[in-house]
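A closer look at the structure
The residues making up each chain are set out below.
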Amino acid sequence: MSSAFRFTPLFIAFAATMPSVAHADEAAEGFVAGSSFNLHLRNAYFNRNNLNSGVRDNREWGQGFVARFESGYTPGTVGFGLDAHAMLGLKLDGGGGYAGTSILPEHTKANGELGAAPHAFSTAGAALKLKAFDTELKAGDLFLSNPVIAGGETRMLPQTFRGVSLSNNSIDGLLLEGGQVSFTKPYNQSGHRRIDTYYGALQDNRDSQHLSWAGASWSGSEAITSNLYAAELKDIWNQYYFDFDYTYAVNDLVSLNPGLHFYHTQDTGQALLGDIDNNTFSLHFTVNAGHHSVTAAYQRVNGNTPFDYINLGDSVFSTTRGCTRTSTHRTSARGSWPTVMILPA
């Protein structure tokens, strides 16, 4: 099904920089003075208990190291900078008979069976960046997190994407952003591959071309937060997202937080995955009391096709973000109720 909605580089640039004001960043700290370095150690153990007869459990254990460097910007109206990262994953346990948890890289033997994962894997990347008039442009390997494209964080090492992103913060509390990516580094691999979707595989080993997105995020009020995003996976689908969260303070101790999250996904261009027409939404209500909260949530997938999204990613903001970002049911005509979570605030 064709769509009149099209993304172009000009549209993305316009969407992200429209409210820019013509003044230099007076708070620029310099390339070195404004830099930071972070080393994050992540230990992961995954045990998938397969109850089917004749199917072995999947069990693996690993230790991950994620080092990230973010520079400041050179002085001037247009500042230049560099972000760089390196990741190392070590296997602590996991034989060939128990491989396949997706914590570690998969090794397929000549007979087609999964063998033991390698003892170590690593990756590194960087992104050039420039900043002018409250607008930041990045090109290279990106850590992304928004409702239509977000790197997976559910395993030992994070997922990254390769492409460009543009963001603007001219108005306090309002983030405008857009971008385009073509490749991803999955969380259990060293190399990159073309981005693909969770539910669909293109025929004849074809690859998807790229995903483009633009959106706005509002957090300028203590009581209201809201997001509006749109994305196009070229010749496959368009996806639109909206959320609205409101917090009512009963007193200094108790607050109430209702919220709505909504996705609409529809085929576009050549429709390489066929007809897609899906609406997915969730409602939640949270009671916060001191350092604790209780949440009840309902989520539903409507349509004849599953709710699709970028493979391995966390871009499923379908429940309250304080609890989880990933929906339980993503297939068509599915709903779940109730979901009750008790969490520290």
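Residues numbered from 1 in each chain as written. Predicted model: local features only at pLDDT ≥ 70, side-chain atom pairs only at ≥ 80, totals over all residues. Heavy atoms only, no water.

Points about the overall build of the chain
When helices and strands are tallied, the chain shows one helix and 18 strands. The burial tally for the chain puts 42% of its 345 residues in the buried class. For the chain, the accessible surface area stands at approximately 17300 Å², while carbon and sulfur atoms represent 56% of it. (Helix = DSSP H or I, 4+ residues; strand = E, 2+ residues; numbered from the N terminus. Buried < 20%, exposed > 50% of the residue type's maximum accessible area, 1.4 Å probe, protein only. Areas by Shrake-Rupley, 256 points an atom, 1.4 Å probe, with all protein chains shown as cover.)

Quick notes on the nonpolar core
Soluble globular proteins tend to bury their nonpolar side chains together. Counting residues in hydrophobic clusters, the biggest one holds 22 residues, and the most contacted among them are Ile-149, Val-181, Leu-211 and Trp-213. Elements represented by at least two residues in this core include exactly strand E11 (211–218), strand E12 (224–233) and strand E13 (237–246). Looking at this core element by element, the count peaks at three residues for E12. If we skip the residues at most four places from it in the chain, Leu-211 touches Ile-149, Gly-179, Gln-180, Val-181, Ile-195, Ala-231, Glu-232, Leu-233, Trp-237 and Ile-310. Membership of the second largest hydrophobic core comes to nine residues, among which are Ala-44, Met-87, Leu-104 and Ala-117. (Core = buried A, V, L, I, M, F, W, Y, C linked by side-chain atoms within 4.5 Å. Contact = heavy atoms within 4.5 Å.)

Quick word on the packing of aromatic side chains
In this structure the tally under the stated criterion is four aromatic pairs. Geometrically, the ring pair formed by Tyr-241 and Tyr-263 is tilted, given 4.5 Å between the ring centres and 50 degrees between the ring planes. Taken together, the residues Tyr-241 in strand E13 and Tyr-263 in strand E15 (residues 254–267) connect sequence positions 22 residues apart. Like Tyr-263, Tyr-241 is buried. (Phe/Tyr/Trp six-rings, centres within 6.5 Å; stacked < 30°, edge-to-face > 60°.)

Things to note about unusual backbone geometry
Although it is not a glycine, Phe-133 sits at a positive phi angle of roughly 55 degrees. Structurally, Phe-133 can be placed in the loop between strand E6 (120–132) and strand E7 (135–142). Look at Asp-134: it is not a glycine, yet its phi comes out positive at around 65 degrees.

What about the confidence of the model for the chain?
Averaged over every residue, the pLDDT of the chain is 83; the share at 70 or more is 81%. Low pLDDT, under 50, characterises residues 320–329; the stretch is placed with 29 contacts to residues that sit more than four places away or in other chains. (pLDDT = per-residue confidence, 0-100.)

Some words on the pairing of E13
Here E12 runs beside E13; their pairing, made up of 10 bridges, is antiparallel. Bridging from a neighbouring strand, Leu-233 pairs with Trp-237 of E13. The hairpin formed by E12 and E13 contains three residues between the paired strands, and Asp-235 there has a positive phi angle of roughly 60 degrees. Examined bridge by bridge, E13 and E15 share nine bridges and lie antiparallel to one another. Counterpart to Phe-244 in the pairing with E15 is Leu-260. (Pairing = 2+ DSSP bridges.)

Things to note about the pattern of salt bridges
All told, the structure shown has seven salt bridges when counted by the stated rule. Between Asp-57 and Arg-59 there is a salt bridge, with its nearest N and O atoms 4.0 Å apart. Judged by relative accessible area, Arg-59 falls into the partly exposed class, the value being 28%. A salt bridge links Asp-196 to Arg-193; the shortest N-O distance between them is 3.6 Å. (Salt bridge = Lys/Arg side-chain N within 4 Å of Asp/Glu carboxyl O.)

Quick word on a nonpolar patch on the surface
Judged by side-chain polarity, Leu-228, Phe-242, Phe-244, Tyr-246, Tyr-248, Val-250 and Phe-262 come together as a nonpolar surface patch covering roughly 630 Å² of accessible area. Broken down by element, the residue count for the nonpolar patch peaks at three residues, all from E13. Residue placement: Tyr-246 occurs in strand E13. (Patch = residues over 30% accessible without salt bridge, like charges linked within 9 Å, V, L, I, M, F, W, Y side chains within 5 Å.)

Digging into the side chain of Lys-129
In this structure, Lys-129 sits in strand E6. Looking at Lys-129, its side chain comes within polar contact range of the main-chain oxygen of Ser-71, at 2.9 Å. Not counting residues within four places of it along the chain, the set of residues in contact with Lys-129 comprises Glu-70, Ser-71, Gly-72, Tyr-73, Gly-79, Phe-80, Gly-81, Leu-82, Asp-83, Glu-136, Leu-137 and Lys-138. (Polar contact = N/O pair within 3.5 Å; in protein donor to acceptor, adjacent residues only side chain to side chain.)

A short note on the pairing of E11
Extensive coverage of E11 is indicated by the burial of six of its eight residues. Of the pairings in the sheet, the one linking strand E9 (residues 174–185) to E11 comprises eight bridges and is antiparallel in character. Across the sheet, the residue bridging to Leu-174 is Trp-218, located in E11. Of the strand pairs in this sheet, E11 and E12 are connected by eight bridges, and their pairing is antiparallel. Residue pairing across strands places Ala-214 opposite Ala-230, the latter belonging to E12. The loop that links E11 with its antiparallel partner E12 comprises five residues.

So, the environment of Ser-102
Tracing the backbone through its elements, the reader meets Ser-102 in the loop between strand E3 (79–93) and strand E4 (107–108). A residue is classified by how much of its surface remains accessible, and Ser-102, at 15% relative accessible area, is buried. Linking Ser-102 and Glu-60, residues 42 residues apart in sequence, is a C-alpha distance of 8.7 Å. Apart from residues no more than four positions distant in its own chain, Ser-102 is found in contact with Glu-60, Arg-155, Tyr-187 and Asn-188. Only 2.6 Å separates the side chain of Ser-102 from the side chain of Arg-155, close enough to count as a polar contact.

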